[in-house]
Amino acid sequence: MQYARKQYMDQLIRKKDNGRIKVVTGLRRSGKSYLLFILYRQYLLENGIGEDQIVGLALDEIDNARYRNPYELNKVIKERMPDKDKRYYVFIDEIQFVTEIPNPYVDDPKEKLTFIDVVLGLMKLPNADIYVTGSNSKMLSSDIVTQFRDRGDEIRVNPLSFAEVYEQYQGDKRGVWRDYYTYGGMPVVWTLKSHEEKSRYLRDLFNRTYIKDVLERHQVNNDTDVLEILLNVLASGVGSLTNPSRLSNTFASERQIKIAPDTIDKYIGFFMEAFLIRKAERYDVKGRKYIKTPVKYYYSDPGLRNARLSFRQLEETHLMENVLYNDLVRRGFDVDVGVIEQNLRNDSGKNIRRQLEVDFVVNRGDERCYIQSALSIDDPDKKEQEIASLIRIPDSFKKIVVVKDYVKPWRDENGIQYVGVEDFLLDEGLIFR
């Protein structure tokens, strides 16, 4: 089963030969190496690039261990580019494996040679187009982009989208939504057959890859239990408003563990840096300002979220919200959680203020769309509750309610559009046409 990864292929093709370093980033095991070494390499070969013009090195392989030395890496790549009249395409996978070594040409022992020196040197060659990937406990992908600053173009690879899975899904398409919000979009998952195989793979990813990366990178081995619990708490409350202070109270009351809010905030930052967790800020729609706290956290893959909880909490309403958020981010939109303040009078005649929530405020340039995620609106009271925030937004931007049910898209008297979740995820032009 081969996924075309068209979104990322299009980005690579557009950036080809642009004189900048192409940095492929994203969650580990989301398909970065496959994208570069299989799909993009195949594209180059099909478009007139010769085999000898593609120079590829996977530095996590034992056969290439010697090239983790910056000098050796620089030397072998240039040896594989013997013809100055030819254009070469250089792929370096897991580039963070390159070790730092003292610079023999300066007296300062703190001066080191790193992979940055190698890649920036290669970039200056007039006949080289450079592509790198990297993510592990020594150097997560987000750091690589920072190191290259304005000399690199990032291609952020996400797990498989619902649309990608839907296209290749084997069997009755009516089962794809349930399977997707259960097992997520990690590519290897969709090569496995049974629930046991899929759940074991996802749990192993956490234990042997993600958690290990964070522990080794940040030297927090003494807090392994805290990291594990925090991941579970975030998984249980996915899409719920929270902040480090509330999470600290949860640890104290439910686990009898005293941990400072600042420490929790730092640990969440580790997970975000590793692309495991995403944070959605709150935005006051009427006041046109951001609200610092509380915020929402989402898992970058619902299957990984479910694996944290041993597939015991498959609440479709929260998982649907998580899937929608991930897909909106994948499409390149800026996504916030919306807040609408409403002034009311209680039975005693006292003025009270309450906050209504818009699940997603989606921005693209000067365009905006408000989106509400609702499992069902069959009950009139439920529908009124779901659209209460939307009808109070004082502007004319598009408003959409995404429901789980299979429905033909329609609009109500308030101009609010209703669409089924599968149609929404399969039609990327539905938001901004």
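Not measured: the values here are computed from a predicted model.

## Focus on the sheet that holds strand β6 (residues 128-133)
Ordered by their spatial adjacency, 5 strands build an open sheet running β2-β3-β6-β1-β7, and the pairing between neighbours is parallel. Each of the sheet's edge strands pairs with one partner strand only, and the pair in question is β2 (54-58) and β7 (152-157). Strand-to-strand twist across the sheet, computed as the mean angle between neighbouring axes with direction ignored, equals 15°. Here helix α2 (residues 32-46) sits on the sheet in contact with β1 (21-26), β2, β3 (88-93), β6 and β7, set at roughly 165° to β3.

## Regarding a negative patch on the surface
Negative charge collects at one region of the surface, where D107, D108, E111 and D117 lie side by side. Residue classification places D108 among the partly exposed residues on the basis of a relative accessible area of 41%.

## So, unusual backbone geometry
The step from T293 to P294 runs through a cis peptide bond, and the omega angle for that step is -5°. Relative to the elements of secondary structure, P294 occurs in strand β10 (residues 289-299). For R5, which is not glycine, the phi dihedral falls at a positive 45°. A positive phi angle, near 50°, is found at R288, a position not held by glycine. For R288, a relative accessible area of 70% gives the class exposed.

## Description of the environment of K399
With respect to the secondary-structure elements, K399 resides in strand β14 (residues 398-403). According to the relative accessible area criterion, K399 is buried, its value standing at 10%. Between the alpha carbons of K399 and T133 there is a distance of 38 Å; along the sequence they are 266 residues apart. Once you skip the residues sitting within four places of it in the chain, K399 turns out to touch Y370, L390, I393, G415, I416 and Q417. A distance of 3.1 Å separates a polar side-chain atom of K399 from the backbone oxygen of D395.

## Considering the environment of R282
Within the secondary structure, R282 is located in strand β9 (residues 277-284). Under the relative-accessibility criterion, R282 is labelled buried at 7%. Along the backbone, R282 and G332 are 50 residues apart, and their C-alpha atoms lie at a distance of 18 Å. In this structure, R282 is in contact with L241, K289, Y290, I291, T293, P294, V337, V339 and Q355, ignoring residues within four places of it in sequence.

## Some points on the side chain of N127
Relative to the assigned elements, N127 resides in the loop between α4 (115-123) and β6. On the basis of relative accessible area, N127 is assigned to the buried category, the value being 11%. Excluding anything up to four places from it in sequence, N127 contacts M81, D83, K84, K86, R87 and Y88.

## Quick word on the sheet that holds strand β12 (residues 351-364)
Read across the open sheet, the 9 strands follow the order β8-β10-β9-β11-β12-β13-β14-β16-β15; overall the sheet is mixed. Two strands close off the open sheet at either side, each with one partner strand: β8 (241-242) and β15 (410-411). Both strand β13 (residues 367-374) and β14 contribute to a ladder of 6 bridges, which runs parallel. Counted as the bridge partner of S373 is V402 from β14.

## Notes on the nonpolar core
Ranked by size, the top nonpolar core spans 73 residues in total, and within it I371 and F424 carry the most contacts. Residue contributions to this core peak at 8 residues, all from helix α8 (residues 195-218). If sequence neighbours within four positions are ignored, I371 has contacts with L328, V358, D359, F360, V362, I400, V402, F424 and I431. Counting residues in hydrophobic clusters, the runner-up holds 25 residues, among them I21, V76, M81 and V90.

## Topic: the pairing of β14
In terms of residue burial, β14 counts as a mostly covered element, since 5 of its 6 residues are buried. In the classification by handedness, the crossover that spans β13, the intervening helix α14 (residues 380-387) and the parallel β14 is right-handed.

## Things to note about the environment of A280
With respect to the helices and strands, the residue A280 is situated in strand β9. Here A280 falls in the buried class, since its relative accessible area comes to 0%. For the pair A280 and P294, spaced 14 residues apart in the sequence, the C-alpha separation amounts to 9.7 Å.

## Describing helix α9 (residues 224-236)
Side chains three or four residues apart in an α-helix point the same way, a direct result of the helix having 3.6 residues per turn. Over its 13 residues, α9 runs 19 Å from end to end, which matches the ideal 18 Å to within 8%, given 1.5 Å per residue. For α9, the complete set of buried residues consists of V226, L227, I229, L230, L231, L234 and A235. Close packing links the buried residues of α9 with α8, α10 (244-254), α11 (261-273), β9, β10 and α12 (302-308).

## Let's talk about the pairing of strand β11 (residues 334-345)
In this sheet, β11 lies alongside β9 in parallel orientation, the contact comprising 3 bridges. Of the residues in β11, the one forming a bridge with R282 is V337. Across 11 bridges, the pairing between β11 and β12 is antiparallel. Residue pairing for β12: L344 is matched across the bridge by I352.

## Here we look at the packing of aromatic side chains
Following the criterion strictly, the structure yields 20 aromatic pairs and no others. With centroids separated by 5.6 Å and ring planes inclined at 70°, the aromatic side chains of F37 and F91 adopt a geometry described as edge-to-face. Of the two residues, F37 is situated in helix α2 and F91 in strand β3; the sequence distance between them amounts to 54 residues. Overall, the relative accessible area of 22% leaves F37 in the partly exposed class.

## Looking at a nonpolar patch on the surface
The grouping of Y71, Y105 and V106 at the surface amounts to a nonpolar patch, some 330 Å² of accessible area in total. Its location among the elements puts V106 in the loop between β4 (101-102) and β5 (112-113). By relative accessible area, V106 is classed as partly exposed at 36%.

About the cut-offs
- Residues numbered from 1 in each chain as written.
- Predicted model: local features only at pLDDT ≥ 70, side-chain atom pairs only at ≥ 80, totals over all residues.
- Heavy atoms only, no water.
- Pairing = 2+ DSSP bridges.
- Helix = DSSP H or I, 4+ residues; strand = E, 2+ residues; numbered from the N terminus.
- Axes fitted to C-alpha atoms, helices over the stretch in contact; angles between N-to-C directions.
- Contact = heavy atoms within 4.5 Å.
- Patch = residues over 30% accessible without salt bridge, like charges linked within 9 Å, V, L, I, M, F, W, Y side chains within 5 Å.
- Areas by Shrake-Rupley, 256 points an atom, 1.4 Å probe, with all protein chains shown as cover.
- Salt bridge = Lys/Arg side-chain N within 4 Å of Asp/Glu carboxyl O.
- Lys, Arg positive; Asp, Glu negative; His and termini not counted.
- Charge placed at Lys NZ, Arg CZ, Asp CG, Glu CD.
- Buried < 20%, exposed > 50% of the residue type's maximum accessible area, 1.4 Å probe, protein only.
- Polar contact = N/O pair within 3.5 Å; in protein donor to acceptor, adjacent residues only side chain to side chain.
- Core = buried A, V, L, I, M, F, W, Y, C linked by side-chain atoms within 4.5 Å.
- Right-handed = clockwise from strand over helix to strand, strands pointing away.
- Expected span 1.5 Å × (residues − 1).
- Phe/Tyr/Trp six-rings, centres within 6.5 Å; stacked < 30°, edge-to-face > 60°.

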